[in-house]
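# Tertiary structure, described
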Amino acid sequence: MSSSRRDVLDTSAAPSRPARRTAEFTPGLQLSGDHDLCPGCGEPIALRAILETLAELGLADAAIGVVGIGCYTALTSLIDVDLIQALHGRAPSVATGAKRMRPETLLFTLQGDGDMVNEGLQEVIHAAARGEKITCLLLNNGVFGETGGHMTATTVLGQRTKNTLEGRNADDHGHPIPIAELIARLGGTGYAARGSVHDVKSIATTRRYLRRAFEHQLRGEGFSFVEILTMCPTGWFVPTAEGPRYLEEVMGSVHVTGELKKPGR
Amino acid sequence: MEGSEAITEAALSAGCRFFAGYPMTPFTEVHEGFARRLPDVGGVCINAESELEAVGMAWGAAATGARAATGSTGQGLSLMQESLSEITRAELPLVVFNMARGQGDYFQATRGGGHGDYRHVVLAPIDAAEAAHLTQLAFHLADLWRHPVLIYGDYLLAHTSEAVEIVHRDFGPLPEKDWAVDGSLGGTGRSRNVNPIGMTKGSKGIDPAAFWDHLQQKTDRIEAAEARFETESCEDAELVVVAFGTLARFARYVVRELRAEDLPVGYFRPVSLWPYPKGALLEAARGCGGVACLEQNAGQMIDDVRLSLLGEAPVLPIGGISTDAAGFGVGPLLDAAVIRERVLGALREIRP
């Protein structure tokens, strides 16, 4: 959208519908707010929370992100942070090598559920067990969004996907993996939390989790992890406006939000 | 010292400060050497949970500009191929060691063993001293071209003790690593994105055609510049014996022995398996009656020999599958008497 269209209102006649004022939500560490993700997608919201938290902590010029492959990858060339693009599933080990050579930087990974919990499950588990001083971030929408809505390891029972047309059932397709709970059990994990972006309150809470995870890494106290549940109405085959409700009620009842491990606990 | 120790000491002297690996015979001692020695120089060695993670860790370390390495045997390298393909496309300098179980990994090493359209440099040392030299050169070439370099060795190379002096070698100036990520450019609008898909910071989407063209042009330049070889007594040879790595050491010995008996045999060794020294082999074989290809596998390098000669001389395979009971590649072919008979057989075959 061009700025002239946004800033100049036509006042020569009464508007046909009430004028709405839109604010600029593009975070400072993003080069452009323009993107090609679907309407109702939760990933730009999660990304904004991540970038704003980095900026708040003064880490913009001291952070390296390692990103996997998913819908959000289309946004990464617009992120104004030093990045390494990893393979699907392999971000935690790439981040490990980078952190060991650049211990003074904040190292975070960005992966989706198909990336982290399907393709590269051992990577994040071993990074956590090693107590690697990195922060792994999971954008979990319970579906392979980029391929068009296929079952992942976090798809909840009953959820319809393109390869579970009648809904995921445990007999045929097994159970979803509660990844944050698994990671919280490991000795090397210092901080683990699961947040969401389905409403203002959940976004604010998620930002608090991100801040604690990054601060944990900066204190050098081991592995930290934040899972963020994100909407994918396209991949869930629900109307766009129903995404937040579906996330809260269907996904959120299986992947329960909250802090699962905190230092000293 | 053993070849494996020569390799680790040479790597340290070349400034390697990161290694990640996973144990596997006959590569294990290279890994042990890095684990023992890297902490002495302020480096890091990680015992990765699998080869997948080992190559990923090396990828991350290389992306920060550090001189980094990983390695395994061919089996472990199979697991790494997806990443090696991407690392090549991300234009990252990385040194990879294959202490192979024989020479059956020739195709894996030289054809771009993973998905996609790429090759990386492959150097095959003949002995421990050359392994040290080529290891140091590998780090230089990797930085010079921003491209992975693989050192192809085997059981005998890694485990034969020889007198080796590790001297620091300077191969010339290198470009600045201004592409390496250190976190410092965030928020400036000039932050970096080390990626294998042709993403440019600040613009949406990718331009795969332009990106792949750029990589192919670089690959062509490497191919033109980095072919290496060794040759002996080819000028008046009726038969030229081609071999690489450990087997070439036996071949060179046999050719010298036969020359001392006034038999018209020559010796040609590709030091770089990719790029293959095609022009040099064609030149060495000019006027000869045949080229004998000695390799310890079912016939892989022979494709490159034929592609080099383009029908200029008949090509005779005189190698073959040869292994010990453990499958580590120390088979009966690694015997000068056996090779001598095969070379003499090839000579009889081409003589009218």
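Residues numbered from 1 in each chain as written. Chains lettered and ligands numbered in written order. Predicted model: local features only at pLDDT ≥ 70, side-chain atom pairs only at ≥ 80, totals over all residues.

As a further point, take the interface of chain B and chain A. Counting from both sides, the interface comprises 41 residues of chain B and, opposite them, 34 residues of chain A. Among the secondary structure elements, those contributing two or more residues to the side of chain B that touches chain A are β1 (18-21), α3 (51-63), α4 (74-89) and β7 (193-194) of chain B. A per-class count over the side of chain B that touches chain A returns 17 nonpolar, 16 polar and 8 charged. Strand direction decides the pairing type here: strand β2 (residues 82-85) of chain A and β7 of chain B, joined by 2 bridges, are parallel. Paired with Leu83 of chain A across the strands is Asn193 of chain B, a residue of β7 of chain B. (Contact = placed C-beta atoms within 7 Å. Helix = DSSP H or I, 4+ residues; strand = E, 2+ residues; numbered from the N terminus. Nonpolar A, V, L, I, M, F, W, Y, C, P; charged D, E, K, R; others polar. Pairing = 2+ DSSP bridges.)

We now examine the confidence of the model for chain B. Per-residue confidence for chain B gives a mean pLDDT of 97; residues scoring 70 or more make up 100%. Scoring the predicted complex yields pTM 0.94 and, for the interface, ipTM 0.96. (pLDDT = per-residue confidence, 0-100.)

With that out of the way, let us pick up unusual backbone geometry. Residues and elements named next belong to chain B. Backbone torsion omega between Thr25 and Pro26 reads 0°, so that peptide bond is classified as cis. Cis geometry marks the peptide bond from Trp274 to Pro275, where omega comes out at 0°. For Pro275, the location among the structural elements is in the loop between β11 (272-274) and α10 (278-285). With a phi angle near 45°, Leu310 is a residue other than glycine that sits in the positive phi range. With respect to the helices, strands and loops of the structure, Leu310 is situated in the loop between α11 (301-309) and β13 (315-317).

What follows deals with the nonpolar core. Residues and elements named next belong to chain B. Of all hydrophobic cores here, the largest spans 189 residues; its most connected members are Ala58, Leu123, Val240, Val241, Val242, Ala251 and Ala292. Considering every element that reaches this core, the biggest residue donor is helix α6 (residues 128-145), with 10 residues. When residues of this core are sorted by domain, at least three fall in each of domain 1 (1-226) and domain 2 (230-350). (Core = buried A, V, L, I, M, F, W, Y, C linked by C-beta atoms within 7 Å. Buried ≥ 20, exposed ≤ 12 C-beta atoms within 10 Å, placed from the backbone. Domains from an automatic or database assignment.)

To continue, consider α11 of chain B. All names here are of chain B. Turning to α11, its buried residues are Met301, Ile302, Asp304, Val305, Ser308 and Leu309. Around the axis of α11, the buried residues are gathered within 155° of arc, so they sit on the same side. On its buried side, α11 packs onto α5 (106-110), β9 (239-242), α10, β12 (290-293) and β13. Among the residues trailing α11, Leu310 stands out with phi positive, at a value near 45°. (Arc of directions from axis to C-beta.)

Let us look at the pairing of strand β4 (residues 95-100) of chain B. Residue and element names in this part refer to chain B. Of all the 6 residues making up β4, 6 are buried; the element is thus mostly covered by neighbouring parts of the structure. Burial of β4 is two-sided: the residues Val95, Phe97 and Met99 facing one way and the residues Val96, Asn98 and Ala100 facing the other way are all buried. Pairing geometry for strand β3 (residues 68-72) and β4, over 4 bridges, is parallel. Residue Gly71 lies in a different strand from β4, and its bridge partner there is Phe97. Regarding topology, α4 serves as the crossover connection from β3 to the parallel β4, and that connection is right-handed. Pairing of β4 with strand β6 (residues 149-154), which is carried by 6 bridges, proceeds in the parallel orientation. Within β6, the position partnered with Asn98 by the bridge is Tyr152. (Right-handed = clockwise from strand over helix to strand, strands pointing away.)

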